[in-house]
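Inside the fold
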Amino acid sequence: MKKEVKQRVLVTGSETGIGRGIALEYGKNGAFVTLHYAHDESGAQSAVKEIQSLGGEAKAFEADFRNVEEARQLALDAVSFMGGIDVLVNNAGITMTNEFENTSEEQFDVLYNVNVKAPYFIIQTLLPELIRSKGSVINLSSIHGLSGNKGHSVYAGTKGSIIAFTRELSIELAPKGVRVNAIAPGAIPVENHYKAAGTDDLSSIGNLIPCGYAGRPEDIAKVAIFLSSEAARYIIGQTIVVDGGTTSWMPFSEDFKEIGLRLGKGYVPGL
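Residues numbered from 1 in each chain as written. Predicted model: local features only at pLDDT ≥ 70, side-chain atom pairs only at ≥ 80, totals over all residues. Heavy atoms only, no water.

1. Notes on the overall build of the protein chain
- Looking only at helices and strands, one finds eight helices and seven strands in the protein chain.
- Of all 271 residues assigned to the protein chain, the portion counted as buried reaches 42%.
- Contacts in the protein chain between residues at least 24 apart in sequence constitute 73% of all its contacts with a sequence separation of at least 6. (Helix = DSSP H or I, 4+ residues; strand = E, 2+ residues; numbered from the N terminus. Buried < 20%, exposed > 50% of the residue type's maximum accessible area, 1.4 Å probe, protein only. Contact = heavy atoms within 4.5 Å.)

Rendered as structure tokens:
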């Protein structure tokens, strides 16, 4: 019987929220996991212990993605720890809500450094190992990269950049055996959202989502597991939207209902 080989996985920004959920899901699936944190060491270490309690191997490393050299070093540390890499999940990112006219150059640079520059050069640093393993890269974008929302001019720009460079990089790396895809989550309330809102109950968000509820980190984690599996071998350069139907909804259509517009009369039978 062929011995099952564990996937070696690096998940950035895995101390809280979606990243932590992804790291735990890989751990539950028997992967060898490297976690990354920038601020909350306790969150990352608790995830490490949880993976170890399941019989898995995991370790957390600190890196400040405002400095690209620290991002590169994280990649090297992960390879050193795991002996290579099969899956890179670029999840780390900063969300910012700020009016366009009030946004500073420093704020702009911080978001682009952390959200775009760091993952770009982590992939570059890991490329020889990913080619060797015929690995998979999963970049975390957002529905903000696909739809507009006030106060997100910088954040949305970074997430749109991720979608574009995922698509472009995928066609460069596919011939080398490396698959690159992205996930664009919708509303996934996590620790930072609860903190910013000053409440532990954000269930009302579901009222604005077609499916009637907000997502959870494990909803994104399960998609990541699939995208890095052999079952997804023919999926390349795609951004998988996981949003409960949010981007499929045309909100201004409600106004048409209110004023009673019935379009098609005189042209379509039965109207």
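2. Quick word on the packing of aromatic side chains
- Following the criterion strictly, the structure yields five aromatic pairs and no others.
- Look at Phe 32 and Phe 81: their rings are 5.0 Å apart centre to centre, the planes differ by 75°, and that puts the pair in the edge-to-face class. You can see Phe 32 sitting in strand β2 (residues 32-37) and its partner Phe 81 sitting in helix α3 (residues 68-82), a full 49 residues away along the chain.
- Aromatic side chains Tyr 120 and Phe 121 sit 5.1 Å apart centroid to centroid with 65° between the ring planes, which places their arrangement in the edge-to-face category.
- For Tyr 120, a relative accessible area of 38% puts it in the partly exposed group.
- Members of the aromatic cluster, joined through ring pairs, are Phe 32, Phe 61 and Phe 81. (Phe/Tyr/Trp six-rings, centres within 6.5 Å; stacked < 30°, edge-to-face > 60°.)

3. As for the nonpolar core
- Ranked by internal contacts, the top residues of the largest apolar core, which has 30 residues, are Ile 22, Tyr 26, Val 33, Leu 35, Val 89, Ile 138 and Ile 183.
- If you list the elements that add at least two residues to this core, you get β1 (8-11), α1 (17-28), β2, α2 (41-53), β3 (58-62), β4 (87-90), β5 (136-140) and α7 (217-227).
- In terms of residue count, α7 provides more of this core than any other element does, six residues in total.
- What Ile 183 contacts, discounting residues up to four positions off in sequence, is Ile 138, Asn 139, Leu 140, Ser 141, Ser 142, Ile 220, Val 223, Ala 224, Leu 227, Thr 239, Ile 240 and Val 242.
- Core analysis: the next-biggest nonpolar cluster, separate from the first, contains 28 residues, Val 79, Ile 85, Ala 92 and Val 178 among them. (Core = buried A, V, L, I, M, F, W, Y, C linked by side-chain atoms within 4.5 Å.)

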